[in-house]
Structures are given as C-alpha cells and as structure tokens.
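Topology and contacts: notes
Here is how the chains run, residue by residue.
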Amino acid sequence: MIKTIRSGLWTCSRCLRQTSRARHQPRRWLSSAPSAVQLDTPHIPIDYSPTDLTHDDSLLRHIFDSPAFKDFSKPLFKVTSGENVGLFRNKYLTSPQGFLTFANVTINRAQKLVDKVLDASTLEDFKAIVRDLDRLSDLLCRVLDVSDFVRVTHPDEKTQAAASQAWSLVYQYMNQLNTTTGLSDQLGKALANPEVMASWNEEEQTVATLLQQDFMKSAIHLPKESRDQFVDLSQSISELGSHFVQYMQPEQRFLDFPSSKFYGMNPQMARRYTRGGTIRLPILSPEATMALRTVHDEDTRKAIYYATRTASGRSIQVLEAMLKSRAELAKLSGFESYGQMALHDKMMAKTPESVHQFLLALSKHNAPLVEEEVAGLLREKNEKQQSAATELQPWDKDYYMESIRLSMRSRRRKNDFLSAYFSLGTVMQGLSRLFTRLYGIRFVPRDTLPGETWHPDVRRLDVVSDTDGHVAVLYCDLFYRDDKSPNPAHFTVRCSREILEGEILEAAERNGAGVEVEGLPTFESPIEAANDGMHVSRQSGTIKQLPTIALVCDFEENQGHKGPALLDYYQMETLFHEMGHAIHSILARTSLQNVAGTRCATDLAELPSTLMEHFCADPSVLGLFARHYATDEPLPYKMVVDKLHVARRFEASERESQIILAMLDQQYHSSLPSQDKFDSTEVFLGIQRKFGKLPSDPPGTRWQGFFGHLSGYGSTYYSYLFDQVLSRRVWQVVFSAGQNGAALDRANGERLKENLLKWGGSRDPWRCLSDTLRDERLIDGDEKAMRLVGSWVVNDDPHS
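Residues numbered from 1 in each chain as written. Predicted model: local features only at pLDDT ≥ 70, side-chain atom pairs only at ≥ 80, totals over all residues. Heavy atoms only, no water.

Description of a negative patch on the surface
- Taken together, Glu353, Asp780, Asp782 and Glu783 make up a surface patch of like negative charges.
- If you trace the backbone, Asp782 turns up in the loop between helix H29 (765-773) and helix H30 (783-790). (Patch = residues over 30% accessible without salt bridge, like charges linked within 9 Å, V, L, I, M, F, W, Y side chains within 5 Å. Areas by Shrake-Rupley, 256 points an atom, 1.4 Å probe, with all protein chains shown as cover. Salt bridge = Lys/Arg side-chain N within 4 Å of Asp/Glu carboxyl O. Lys, Arg positive; Asp, Glu negative; His and termini not counted. Charge placed at Lys NZ, Arg CZ, Asp CG, Glu CD. Helix = DSSP H or I, 4+ residues; strand = E, 2+ residues; numbered from the N terminus.)

A closer look at the packing of helix H24 (residues 651-668) against helix H25 (residues 680-691)
- Look at H24 against H25: their axes get within 10 Å of each other, and the N-to-C directions meet at 140°. With respect to H25, the axis of H24 lies oblique. By crossing handedness, the relation of H24 to H25 is classed as right-handed. Between H24 and H25, the residues in contact are Glu656, Ile660, Leu661, Met663, Leu664, Gln667 and Tyr668 and Ser680, Thr681, Val683, Phe684, Ile687, Gln688 and Phe691, respectively.
- Tallied by class, the residues present in the contact of H24 with H25 amount to 9 nonpolar, 4 polar and 1 charged. (Axes fitted to C-alpha atoms, helices over the stretch in contact; angles between N-to-C directions. Parallel < 35°, antiparallel > 145°, perpendicular 65-115°, else oblique. Left-handed = near helix turned anticlockwise from the far one by under 90°. Contact = heavy atoms within 4.5 Å. Nonpolar A, V, L, I, M, F, W, Y, C, P; charged D, E, K, R; others polar.)

Details of the nonpolar core
- In this structure, Phe422, Met428 and Leu575 are the most contacted members of the largest nonpolar core, which totals 131 residues.
- The element best represented in this core is helix H20 (residues 569-587), accounting for 9 residues.
- When neighbours within four sequence positions are excluded, Phe422 is seen to be in contact with Val427, Ala565, Leu566, Leu567, Asp568, Tyr569, Met572, Leu622, Phe625, Ala626 and Leu635.
- Grouped together as the second largest cluster of nonpolar side chains are 61 residues, Phe99, Ile107, Val117 and Phe126 included. (Core = buried A, V, L, I, M, F, W, Y, C linked by side-chain atoms within 4.5 Å. Buried < 20%, exposed > 50% of the residue type's maximum accessible area, 1.4 Å probe, protein only.)

What about the sheet that holds strand E10 (residues 542-545)?
- Judged by pairing direction, the sheet is antiparallel, and its 3 strands sit side by side in the order E8-E10-E9 without closing on themselves. The strands lining the two open edges of the sheet, one partner per strand, are strand E8 (497-499) and strand E9 (536-539). Strand-to-strand twist of the sheet, defined as the mean angle between neighbouring strand axes without regard to direction, takes the value 40°.
- Of the strand pairs in this sheet, E8 and E10 are connected by 3 bridges, and their pairing is antiparallel. Bridging across to E10, Ile499 finds its partner in Ile543.
- Lying over the sheet, helix H4 (residues 129-153) contacts E8 and E10, oriented at roughly 105° with respect to E8.
- Each of E8 and E10 is contacted by helix H18 (residues 501-510), which is oriented at about 55° to E8, the strand it contacts most. (Pairing = 2+ DSSP bridges.)

Considering helix H28 (residues 746-755)
- Every buried residue belonging to H28 is among Asn748, Gly749, Arg751, Leu752 and Lys753, and all of these are buried.
- Elements in contact with the buried residues of H28: helix H17 (424-439), H20, helix H21 (607-615), helix H27 (719-733) and H29.
- You can read the cap of H28 off the contacts: a side-chain oxygen lies 2.8 Å from the backbone nitrogen of Ala747, and it is on Asp745. (Polar contact = N/O pair within 3.5 Å; in protein donor to acceptor, adjacent residues only side chain to side chain.)

Topic: the pattern of salt bridges
- Taken as a whole, this structure holds 50 salt bridges when the rule is applied.
- Among the salt bridges present, the one from Asp148 reaches Arg151, with a minimum N-O distance of 2.9 Å. On the criterion of helical spacing, the pair formed by Asp148 and Arg151 is a turn pair, its members being 3 residues apart in helix H4.
- Between Arg481 and Asp477 there is a salt bridge; the shortest N-O distance is 2.8 Å. Each member of the pair, Arg481 together with Asp477, is buried.
- When salt bridges with common partners are traced through the structure, they connect Arg109, Arg135, Asp138, Arg142, Arg494, Arg497, Glu503, Glu506 and Asp532 into a single cluster.

Focus: the packing of aromatic side chains
- Tallied over the entire structure, the rule returns 27 aromatic pairs.
- Taking the centre distance of 6.1 Å and the plane angle of 50° together, the rings of Trp454 and Tyr475 count as tilted. Taken as a pair, Trp454 in the loop between strand E4 (441-446) and strand E5 (459-465) and Tyr475 in strand E6 (residues 469-479) lie far apart in primary sequence, 21 residues in all. Tyr475 shares its class with Trp454; the two are buried.
- An angle of 90° between the planes, with centres 5.0 Å apart, marks the rings of Phe707 and Tyr717 as edge-to-face. Taken as a pair, Phe707 in the loop between H25 and helix H26 (709-713) and Tyr717 in the loop between H26 and H27 lie far apart in primary sequence, 10 residues in all. (Phe/Tyr/Trp six-rings, centres within 6.5 Å; stacked < 30°, edge-to-face > 60°.)

A short note on the environment of Asp299
- Relative to the assigned elements, Asp299 resides in helix H12 (residues 298-308).
- Relative accessible area serves as the criterion here: at 57%, Asp299 is assigned to the exposed category.
- In this structure the C-alpha to C-alpha distance between Asp299 and Trp395, which are 96 residues apart in sequence, comes to 9.1 Å.

Quick look at empty space enclosed by the protein
- Summed over all chains, the structure comprises 5 cavities of 30 Å³ or more.
- Estimates place the volume of the largest cavity at around 70 Å³.
- Surrounding the largest cavity, Arg109, Arg135, Leu139, Arg142, Arg497, Glu503, Arg510, Ala529 and Ala530 form its lining.
- Residue assignment for the lining of the largest cavity shows that the elements contributing at least two residues are H4, H18 and helix H19 (526-530).
- A total of 3 residues in the lining of the largest cavity trace back to one element, the largest contributor, which is H4. (1 Å grid on protein atoms, 1.4 Å probe; cavity = no way out; pocket = protein on both sides within 12 Å on 5 of 7 lines; lining within 4 Å. Points joined across faces, edges and corners; volume = space filled by probe spheres on them.)

Comments concerning the pairing of strand E11 (residues 548-555)
- Burial runs high along E11: 7 of the 8 residues are buried.
- Pairing of E6 with E11, which is carried by 6 bridges, proceeds in the parallel orientation. Note on E11: the bridge partner recorded for Cys476 is Leu551.
- Relative to E11, strand E7 (residues 489-494) runs antiparallel, the two sharing 5 bridges. Residue pairing in the sheet places Thr492 in a bridge with Ile549 of E11.

Remember that the coordinates give geometry; whether it matters functionally is a separate question.
Structure below.
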C-alpha cells in the first residue's frame, strides 16, 4: 500500500508570507553530455570545516539566550537575496496557491510512476519496482507532510485552506491507488522472481516486504465486495475513534462540596471554584487531580475518586463499538484478532503472545518493588491517622504519595533553583557538545532566507558532521504561542532518500526547453528541481535528500527580567527526549525513504529518545553545559540527585499502572470483543485485581472510558514500556551507566550509531539490538527474547 508512515506527531508552522518573486532569465539545462547531471556548481557544498569551532558554539547559545529573541531579526551573515525561497526552501511554497500547484504537479509525476510500474514486463523493469514504489511514496509524503504541518497551525486562513485542499487532493489520489490491485500484483511478481530478489540489497528487500505487507493489510487481495466492506469498516473505526477521544465525558461532570471539606488544598486553587461557601469541582480538571493529592478529608477524596474514575455510559458504548469493529476488520482480513493484525509486520513483538510474555515478566519483576512502596504508603497512613490501618484504599494512594514527597522536599536545605542552570541556550549548546563527542556532529546556526520559516521565533540549525559535512537541517520553534499546540514534538518534514540519476535527467527534461511556466517555480539546476529546491547532500557519488526536521516545544519566555528563558528540569528532559528522535532521523540517512530515520519498528522508535533521558541526568553530560545563567557557576549535582530522588520515589507503582494499561490494550484487541457478552469494564477490573499490587478500582467505576490512547495505539500501548526497559539496558551496557565518563566516550557513541541508529528501519531491529548489546539471546526476537527484555526492568547486572 502506498502511504505515509509518519508518527502523526503534531507540529507547527506559522507566518508563511506571500511576497513577490523575482523572475530570473530561463536557463537551459538539458544536454546530451553525461556530465550534465554530475556537476552542479550552484550546489557545491559549503565548506563546513571552520577554523574556529568555538564561534559556532558561542553563537548557538547566543541565538537562543538573546534577551531580544523575538526581535532577533538581523541576519548573522550576509544575505544576498530578498527573493521568497519558500517554506523549508521548497520553492513551490511561496504563497497559498503554491500548495495547490505542488499537489497537482506531484500527482502528475506520481501517475507517471504508477504507469511505469504497471507497464513493467522485463527483468530490469521488475528490478526497479521497489525503488519506483518507494519514490512514489516519497512524492506523496512530500505534499502530505508539509500540508498537514501547515493546515493545522498556520495563522493565515488562506494558507490553511490551501494546505488543507492540497492534502485532500493527494490523500484522495493515494486512496485510489490503494483500491486498485495492479501495483500489488506487480510487486508480487517481483518478489516471486529469484533473479529480482537476488539483485536487491538488504534495504530494498526490507522495503519490498513492508510494502507487500501494507497491501495485504489493506485487504487489496480480497474480492471487491470484501474490499468495499473493509473500506466501510475502516471509515467507521476512524469516526468512532475520533468521537471517543473528542467527546469522552465523566458520568458526573461536577461535584459540589462545602468549602470546609477541602482543607489541605491550595486555597487559591479552591477559591477559583467557590461560590457562597460551596465548591463546584469540575471532574475533568487539574484541580480534581490536585484534590486527590492534597485534600485531608477521606470521604471527599473518595467521592472525587469515584467521579474521576467513572466515564459516561455513552463513552463506554463508543469504545466498545470501536473495539468490536476492529475485531471484525481483523477477521475480514484473515487475522484472529486486531492485535495480531497490528503487530505482525511493523512491531518487534510480532505476536500478541510475545507482548504478553514481555508484560508478564515485567509485572513479575516489578511486583516486589510495588509491594515495598505500598508498605511505605501504609506506614505513612498509620502515622498521619495515628491508627493501625491494614488496608490502603484506592483514594489513599495519591494522597499519601504526595505526603511522602512533601516530607522529602521539606528536608532539603535549599529550594529548587535548578532552572537557573538550564537556560535554553546552554541546553542547546550542551546537546551540540554531547552529539559532537558521541557522533562527531554539531549544530551550526544559519540565517534563514525570506519565506523559509513560519515565525520570527524559529531558528535554523544546520547539522554538520566532522566527516560527511552538511547532513540535516533542523528548524527549532521552541517558545509558547497561543496558536501553537502545547505538545512538544519532533517532525520530519522530509526524510532521507537517494535521488537517482534518472530523476535528475527527468528534471532536466521537464525544464529543458528553457521556457518558464506561469505559476511554476524556476530552479537553478536539475538537482535542485529534483528536490523541489530543498537541500541535498553528496557523498560517495550519491545524491540524497537531506533530512529536514522541525522541533516544536512550548517553553515560556522569561518575562520577569531581561535574562534568557530558563527551563525547569523536566523541560530540559523534554528537549533531550525530542532531540533523541531528531538524532535518529539525522543519523539514519537511508537510500529509501520508507525506512529512513524513525520509520522503524514502532516499538523501537522511542528507544533513542528515552535513552536521552538517561544522558540528561548524567553528571558528566550536565558538566558540559549546566552553568548558572548569571554567575556562570557550575551546577551542584546534588540538586539533581535530590530532584530525581523525589520524582522516582514511586517509580514502580507508576510502572505497574502502565503495565496494567498495556495488558488492557492487549485484551481489548484480542478476540474478546467478538463475543456477545463482552464487557470492557469487567475486563479492566479483572486485570487490576489479578496483576495489581496497588488497590484496584472499586465496583461501579469504569475508567477505561478515559483511556484515549486506545484510539491511536490499538494493541501497541506496551511500546513505551518496552523502550523504557531497552533504553535502560543500552545505558547500562553500552554506556556503563555513565561511569568513568562513558556517557561521553566516542567509541560508545559509534557503537550505538553503527549497530542501531544508522539503520532506521532497513535492518531487522532484533539484529540491531543484539549487535548493540552484544547479546545473542536476542537475535531470534521470539517470545523468549521478549520475556528476557521484561526481566531487565530491575536488573542492574549488564551480563544477566
């Protein structure tokens, strides 16, 4: 199936300004000489080997810590042209109309590729099919990704509308391709030909198999009547999922209490909902969550707990309808369950039973830690009540956890001033320094040209390798704005893909007459035209699209004084996490876009980002950058230790909650929803009672109606737990848990890069993991391997 394989993360783009384009004299590119497509003078790479690397490092901090960040519009270097270069330097995207032009041009080019694949008949034709289909997918992604980026967030309504229309045009065309059998049939012939298979390298074989699996999953092999039913069911599931997330409601929307019942809660917070001595508490509110942590009166907490854990009957009906429809869709496609359908091709786990084995092992090894934490909560309850309580109630958990944490915080000698050591500029500087030491790459600030970005806040960083030169472009939009989503995200606008000589010749032929066409951009060279004006790289005789990445966060500017924006510890951790995704996209510069960067097994995609959370807590890494913004004093590491000690006090209990939700996700996507008497509430409460050490929800509650991730994850919710365990193992084994400076050792970084990061999705992820950890027990990726991973949750021995 031809489709985008994006993560679906939210991203933002703003202020695409329409400006008039200066017209250039047409230039003739087409030549019969073979060298015509080999030399591209305007695109000879810049020399990225400055004599003073300290300049780039200092400038990096300056552009993010400048007090006048929003007004920091003067170019750092000489800008020679005022021409609108287009968003992300895509020359089509200089105006709203450009999105529609881009979409129509793309569809015309895509159709030529479709015709080529459908007409394939010779051995050489079939050998080219996998790259043709990958290019077809890339063409569609070029429009869909940037249009989706713009249509959701751009402040200009005309630009939003044009991007939405462009997205719809291409998405509609893509769906037409997915309902015809010709492409699937031709790919099947290629895969069945031993000579074709022998001619493909590992990456090409992987992509061909992935594409075939996508076609099969879309039911294209079924009779037309069944295919139509598949489309109808898929549409229904999409609508039910959207409705479930958008309209989830509690059974009771408000609770009323005398204000005297809220003793213990922050008075300012309580006052917000107080009228005439009565507090009217919205159930789905941060204040309800805070009340469970702080209100002293147990009966009040009990009432709030019941209300916050009881979804409306309508929400449960929609959820169960979605689960039943998914089960029906899987059966129609020839699978025993939706979980089996979702896991079999793009997940390391492969089968529901493998996921079950992982979660069982994880639960077994985590349970003793939870029991210790529960015992601590009971002791706290007895001390506060001056009684001999033997049982912890569900509405006790958050309250006594907060009580213990508050006591831990009160024993500190100093307040938490960590943010003074994490100015945004120093953190960005630290990330660049870390990546330089581990991978030999650094961030180099570059001026943006007119029309290239969507807001004055946006900073462009070129990612530069000490061996390969310019390897990626990173656009950083890091400050909060009213029209931005509050969700931090990494978004790959264009991923790596090799541009073949034939594509460059096609570009030359399209423009060979030297006549400009109204509404179409002009390009300096065939290579520039082949990538829509965006950046390319040249290495070892190949030309590739440069990964182009947008990093979006919602950090508050420091408005209290003229100093830099200061991040708290968790914001700093978030930036490290998102940079982990970015570094995966940067280092995995594959030849085929279907497996570039984070387009790997879904349950491997969070490993690089979660691993970065270990780095940001390491003293040697913090020593690279964490200095007081005013005094330049280094960070006292004891402050970080104290912070993490409090934050991780109930880590095992929090993990148990996630294990139970992952188990629930698996049960909901098994064959159970196909049964007439399927009851989602009984399934949830049964899992809690069987596997939980914490008090389970009381009868009458039905929290699953608030589990919005069921819509998007669909039997893959375990992935984050899986990657948490894997990242911890990589941290211990590859980086020796940071001991003796191992977190900054280039050899360790190269080990991770060469065995895992650089492959993207082009190599079996179990092989990547086995090679990285040097652990042959993982190579088969079977249930035994999944069980082994589950056992690592509390084991600090890198040899076990």
